[in-house]
Amino acid sequence: MSVIGWRQWAVDGAGRLRPAWTPWSPFPAGLLLWRPDGLTKAFCLRGARDDLGGQMSQSPLTPHPRMPGEDCVCGLYAWLSAHELAAAATPRWTSRPIVVGAARLGGRIVVSERGYRAQLGYPVAVVDPNGVVSTAYPVARYRTWDALVAEWDQPVK
Ligand SMILES: [Zn+2]
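Remember, it's a predicted structure, so these values are computed and weren't measured experimentally. (Residues numbered from 1 in each chain as written. Predicted model: local features only at pLDDT ≥ 70, side-chain atom pairs only at ≥ 80, totals over all residues. Heavy atoms only, no water.)

Counting buried positions along strand β6 (residues 115-127) yields 10 of 13 residues, so the element is predominantly enclosed. Across two bridges, strand β3 (residues 40-41) lies against β6 in antiparallel orientation. Of the residues in β6, the one forming a bridge with Thr40 is Gly121. Summarising the sheet, strand β4 (residues 76-79) and β6 pair through four bridges and their orientation is antiparallel. When the bridges of β6 are listed, Ala78 appears paired with Tyr116. As defined by bridge partners, strand β5 (residues 98-111) adjoins β6 across nine bridges and the pair is classed as antiparallel. Pairing of Ile109 across the sheet is with Ala118, part of β6. In this structure, the hairpin formed by β5 and β6 is closed by a connection of three residues. Of the strand pairs in this sheet, β6 and strand β7 (residues 140-142) are connected by three bridges, and their pairing is parallel. For Val126, the partnering residue across the bridge sits in β7 and is Arg141. (Buried < 20%, exposed > 50% of the residue type's maximum accessible area, 1.4 Å probe, protein only. Helix = DSSP H or I, 4+ residues; strand = E, 2+ residues; numbered from the N terminus. Pairing = 2+ DSSP bridges.)

Below, the structure written as structure tokens:
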């Protein structure tokens, strides 16, 4: 299964795409990165929190056998449609630039009322009129939201 999901990213100082809603600390720097090489995999934050709470030596990270877990909150998140992304609030926890766009999601995908949680994902298109996203990402870049949506929005079946 492979679908296009819609989301916001916060852009770090190196132009890399990171979660827009999950504060990056206390997690290791590489953990919540949407990788430019497209090999981003879901990680279970519940497991990470437990481990960082003092159990690290005794319980190494143990992701679900099947990611993302049905009854968990893990996975790479995305809205179902451009319309839902457009209606979403803008994160306020960070002063980093926030960019919006589309990601191709793959592997195991849990579909909920609000969106997708996916096992695998890579960004495919961003609205980036100011050029804040690293050129390491092989993404389509648009100056406007309307231009991106015109090319990437798929009719809901
Ligand atoms: Zn989980």
